[in-house]
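Each chain, letter by letter, is given below.
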Amino acid sequence: MLTVLALLVGALVLLGAVAWWLARSAIGARAVHGGVALAGLMLAAGGVAGLLAGPAVLALPFGPPWGPARLALDPLSAWFLLPVGLSAACAGLFALGGVHGPVPPRALVPWPIFLAGMALCVLAADGFTLLLGFEAMSVASWVLVAQDHAQAENRRAARLYLGFAGFGGVSLMLAFGLMAGGAGDMAFAALRDAPPEGWRAAAVLALVLAGAGSKAGLFPLHVWLPLAHPAAPSHVSAVMSGAMTKVALYVIARCVFDLMGPAQSFWIGAPLIVLGAASAVIGALRANLEDDTKTLLACSTIENVGLVAIGLGLALAFRGADLPALAALAAAAALLHALNHAVFKTLLFLAAGEVLHGAGSRAIDRLGGLVHRMPVTAWAALVGVAAAAALPPLSGFASEWLLLQALLAAWRVGDLAFQMGAAAATALAALGAALAAAAMVRFWGLVFLGRPRTPRAAGAEEGGGAARWALLVPAGLTVLLGLLPGVALDLAEPALRLMAGAAAPRTGLLVVGAAEGGARYWPLLVAVLLALAVGAVLWAVRRRAPSGVVRGPAWDCGFIAAPAHLPFGDPASQPTAAGFGQPLRRMLGGSLLAAREGVAMRPPGSMAPARLDAGFADPALVALEGPLPRWRDALAGQAERLRDLSIRQCLGLTFGAVVLMLVLLAVLERG
């Protein structure tokens, strides 16, 4: 199977190379998108096969000058092939349905290479191959983000994303260089034999969190997500959110659970828990304040990545405290939520893309009432938002329930400071989940319910064919993963043993258990009870209703009667995205996102109406675009002074740099 996957990565690179010529015709473009969809399916199948079979290693006949490049398929990499493959398959199918003519080569060439880079990163068995895949993934996705460079906001998003991609790559290079030390062998087998300790372990953890955490969207390195996702085409946004962030989380898991060795203190999980809790709250709060559908979903991704990071951090802490069963429980929550989020977020981004195609806008205030014009998209999106809101019995609830059980068991780590921190993380994770539910209600209610706010929304048309199946497939998977989480956990058992040394406690196929003798979750029973409750309500309503019911006009929710010059009603009388988020902006936005709100009064005598000015500024983005450019200019000014140095001073600087490098190498060899 590993040989087949290696050939598949090569075939994707070849497909990207010939895509330049295939882009000239609609048939060629469909061939590329169909090839990506098929490759995604094969990657998912390879992941299942890898989980069922034993580990495999493959040395490629080429590589860096110091040795061959190596690939490996072990349970951890096999599990992360699932979100990559499923997300790419659905996105490729959606893109296939949207081809109606020739496609610009810059939109087609990097698409297969993007998937090849993610697969290569997950299958890598040495630091060089992992970095090669990581950089291929970053560069290809940057080209896709920058393809519509005519708009200033897209150019800004591409510049910011490129900066973060470079920062992440350099950080990971330093991390692997530090792990390799003086020996210089970056093969994973060699790194496992000499795991970092002491300050080197702390430095490696910081560099990995900076490098892979920036790609995953962990706070405070998340600011590129809300800008880059709207700039990219919808199928690319779906894969960036559903798969690429999971590849970054895989890099974190590979480094901290595998390459850094099991003999780490429980405190090594604390940074992940803190960053995850902050990401969950900031991401969910921003999702309630954004008025662009894709930006809202990107912020929701930050929240979900934070939840996965909390699970990984808890698993590290439990493993360090010699609690393998709880470590497996937390790792199970993280792995299951990574897969669930990949599926339902791919669904939601594709639904947003279908809305953009059908109604011509991403702005929430220009949509509304689409459930009548686009029913398949609306009901598929409802499955996705219900899972994102963690409503039972859908997939998001099962994984978040496991995470909550793991958080509640954090008192078993016998350290008071850690217990207090875990209690705070529990409160923040619960707050993030509640905010996420509010954001999903706001998203679906304002986009699909109510009246159309524009003529374009009133005349929206739903797509069909492959695009429709691209929505129905992940919607079905979201339901299936929610009803049968035990099957997924059974499949993940080899990966859990690799990460935690134990399997997650589970009592049967239809039930998920948090721990021996602890709480149990019966998803199928919950689904049946909910169905019976809904059926009973409907039966009672119909039984109490008088016979001969005549349908009348629905309640207009307070909308004023539409005057002749406003055939779609008065937009000011309908709920808006800003109005829906106003309570949360007033309660939490001021302290966390520097939210502002004020009324601009017109001067006396003016007949113009007063204006409400409301908004927010992410402190992380403000810090990035504020002091850093000034520091960059100051450094550039200092660097300019080097041009005035004499030959003697230049030689002295070169000699000093060589001496410094030799001292550094000596320190690393002794460490």
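Preceding this section is the structure that the text describes.
In this text the structure is predicted, and so the values were computed from the model without any measurement.

If you tally the helices and strands in the protein, you get 27 helices and 6 strands. The C-alpha radius of gyration computed for the protein amounts to 26 Å, which stays within 12% of the reference 26 Å derived for 671 residues, consistent with globular compactness. Oriented by its inertia axes, the alpha-carbon framework of the protein measures out at about 90 × 70 × 60 Å. The contacts in the protein between residues at least 6 apart in sequence include a share of 78% that link residues at least 24 apart. Within the structure as shown, the protein displays about 28,600 Å² of accessible surface, and the carbon and sulfur contribution to it stands at 69%. Charged side chains in the protein number 43 positive and 33 negative. The centres of these two groups are separated by 6 Å.

To continue, consider the pattern of salt bridges. Side-chain pairs of opposite charge can arise where the charged atoms are in close proximity. Tallied over the full model, the rule gives 11 salt bridges. The residue Asp 258 makes a salt bridge to Arg 254 at a minimum N-O spacing of 2.7 Å. Here Asp 258 and its partner Arg 254 are both found in helix α11 (residues 234-259), 4 residues apart, which amounts to about one turn of the helix. Arg 254 carries the same exposure label as Asp 258, and that label is buried. One salt bridge in this structure joins Glu 462 and Arg 468, with 3.9 Å as the shortest N-O distance. On the basis of relative accessible area, Arg 468 is assigned to the partly exposed category, the value being 34%.

Our next topic: the side chain of Thr 129. When you line up the elements, Thr 129 lands in helix α6 (residues 127-145). Apart from the residues within four sequence positions on either side, Thr 129 is in contact with Ala 69, Arg 70, Leu 71, Leu 120 and Ala 124.

Let us look at the packing of aromatic side chains. Evaluated as defined, the whole model comprises 10 aromatic pairs. With centroids separated by 4.9 Å and ring planes inclined at 35°, the aromatic side chains of Tyr 161 and Trp 224 adopt a geometry described as tilted. Taken together, the positions of Tyr 161 in helix α7 (residues 152-180) and Trp 224 in the loop between α9 (198-216) and α10 (225-231) put the pair 63 residues apart, joining distant regions of the chain. As far as the burial class goes, Tyr 161 and Trp 224 line up, both buried. Note on Trp 267 and Phe 418: the rings are 6.0 Å apart at their centroids and 80° apart in plane angle, and the pair reads as edge-to-face.

For the rest of this paragraph, the subject is unusual backbone geometry. Note that the residue after Phe 219, namely Pro 220, is joined by a cis bond; omega there is 5°. Relative to the assigned elements, Pro 220 resides in the loop between α9 and α10. Following Pro 392, the chain continues to Pro 393 via a peptide bond in cis, the omega torsion being 5°. Relative to the helices and strands, Pro 393 is located in the loop between α16 (375-388) and α17 (395-408). Despite not being glycine, Asp 322 has its phi angle at roughly 60°, a positive value. With respect to the helices and strands, Asp 322 occurs in the loop between α13 (293-320) and α14 (324-359). Residue classification places Asp 322 among the exposed residues on the basis of a relative accessible area of 63%. In this structure, Ala 390 is a non-glycine residue whose phi angle is positive, near 60°.

This next bit is on a nonpolar patch on the surface. A cluster of nonpolar side chains, namely Val 487, Leu 509, Leu 510, Trp 522, Leu 524, Leu 525, Val 528, Leu 529 and Leu 532, defines an oily patch on the protein surface of about 820 Å² accessible area. Examining the composition of the nonpolar patch, we find that 5 residues originate from one element, helix α22 (residues 523-544), more than from any other. Relative to the assigned elements, Leu 510 resides in the loop between α21 (485-500) and β3 (512-513). Residue Leu 510 is classed as partly exposed on the basis of its relative accessible area, which comes to 41%.

Next up on the list: helix α5 (residues 110-123). Counted at 1.5 Å a residue, the expected span for α5 with its 14 residues is 20 Å, and the 20 Å between its end C-alpha atoms agrees. With 13 of 14 residues buried, α5 is to be regarded as a mostly interior element.

It is worth spelling out the side chain of Ser 234 at this point. Position of Ser 234 among the secondary structure elements: in helix α11. A relative accessible area of 10% places Ser 234 in the buried class. Excluding residues that lie within four positions of it along the chain, Ser 234 makes contacts with Phe 94, Lys 294, Phe 349, Leu 350, Gly 353 and Leu 356.

Closest axis-to-axis distance for the helix α1 (residues 2-22)/helix α2 (residues 26-52) pair is 10 Å, and the angle between their directions is 165°. By the criterion of interaxial angle, the relationship of α1 to α2 is roughly antiparallel. The handedness of the crossing between α1 and α2 is left-handed. Where α1 approaches α2, its residues Val 4, Leu 5, Leu 8, Leu 12, Leu 15, Ala 19 and Leu 22 are matched on the opposing element by Gly 28, Ala 29, Val 32, Gly 35, Val 36, Ala 39, Met 42, Leu 43 and Gly 46. Tallied by class, residues from the contact of α1 with α2 come to 13 nonpolar, 3 polar and no charged.

Bringing the nonpolar core into the picture now. The nonpolar side chains of soluble globular proteins are, as a tendency, buried together. The biggest cluster of nonpolar side chains holds 159 residues, and the ones touching the most others in it are Trp 79, Phe 114, Met 118, Phe 176, Met 240 and Leu 314. Examining the composition of this core, we find that 16 residues originate from one element, α11, more than from any other. Once residues lying within four places of it in the same chain are set aside, the contact partners of Leu 314 are Ile 273, Ala 330, Leu 403, Ala 406, Leu 407 and Ala 410. Counting 46 residues, the second largest nonpolar core, distinct from the first, contains Ala 359, Met 440, Leu 446 and Ala 457.

The topology assignment puts Leu 329 in helix α14. Look past the residues within four positions of Leu 329 in its chain and what remains in contact with it is Leu 402, Gln 405, Ala 406 and Ala 514.

Right, let's get into the packing of α14 against α21. Running from N to C, α14 and α21 point in directions that differ by 120°, and their axes come no closer than 9 Å. In terms of their interaxial angle, α14 and α21 are classed as oblique. Read as a crossing pair, α14 and α21 show a hand that is right-handed. Contacts between α14 and α21 pair Pro 324, Ala 327, Ala 328, Ala 331, Ala 332, Leu 335 and Leu 336 from the former with Pro 485, Ala 488, Leu 489, Ala 495, Leu 496, Met 499 and Ala 500 from the latter.

Here we take up the environment of Arg 442. Inspection of the secondary structure assignment puts Arg 442 in helix α18 (residues 416-448). Given the relative accessible area of 1%, Arg 442 is considered buried. Once the C-alpha coordinates of Arg 442 and Leu 205 are considered, the two residues, 237 residues apart in sequence, prove to be 37 Å apart. Once residues lying within four places of it in the same chain are set aside, the contact partners of Arg 442 are Ala 287, Asn 288, Leu 289, Glu 290, Asp 291, Leu 296, Ile 364, Ala 577, Ala 578, Phe 580 and Gly 581. Among the polar contacts made by the side chain of Arg 442, one reaches the main-chain carbonyl oxygen of Ala 287 at a distance of 3.1 Å.

Reading the values: the criteria
- Residues numbered from 1 in each chain as written.
- Predicted model: local features only at pLDDT ≥ 70, side-chain atom pairs only at ≥ 80, totals over all residues.
- Heavy atoms only, no water.
- Helix = DSSP H or I, 4+ residues; strand = E, 2+ residues; numbered from the N terminus.
- Rg over C-alpha atoms; globule rule 2.2 N^0.38 Å.
- Contact = heavy atoms within 4.5 Å.
- Areas by Shrake-Rupley, 256 points an atom, 1.4 Å probe, with all protein chains shown as cover.
- Lys, Arg positive; Asp, Glu negative; His and termini not counted.
- Charge placed at Lys NZ, Arg CZ, Asp CG, Glu CD.
- Salt bridge = Lys/Arg side-chain N within 4 Å of Asp/Glu carboxyl O.
- Buried < 20%, exposed > 50% of the residue type's maximum accessible area, 1.4 Å probe, protein only.
- Phe/Tyr/Trp six-rings, centres within 6.5 Å; stacked < 30°, edge-to-face > 60°.
- Patch = residues over 30% accessible without salt bridge, like charges linked within 9 Å, V, L, I, M, F, W, Y side chains within 5 Å.
- Expected span 1.5 Å × (residues − 1).
- Axes fitted to C-alpha atoms, helices over the stretch in contact; angles between N-to-C directions.
- Parallel < 35°, antiparallel > 145°, perpendicular 65-115°, else oblique.
- Left-handed = near helix turned anticlockwise from the far one by under 90°.
- Nonpolar A, V, L, I, M, F, W, Y, C, P; charged D, E, K, R; others polar.
- Core = buried A, V, L, I, M, F, W, Y, C linked by side-chain atoms within 4.5 Å.
- Polar contact = N/O pair within 3.5 Å; in protein donor to acceptor, adjacent residues only side chain to side chain.

By themselves, these figures tell us nothing about what the structure is for.
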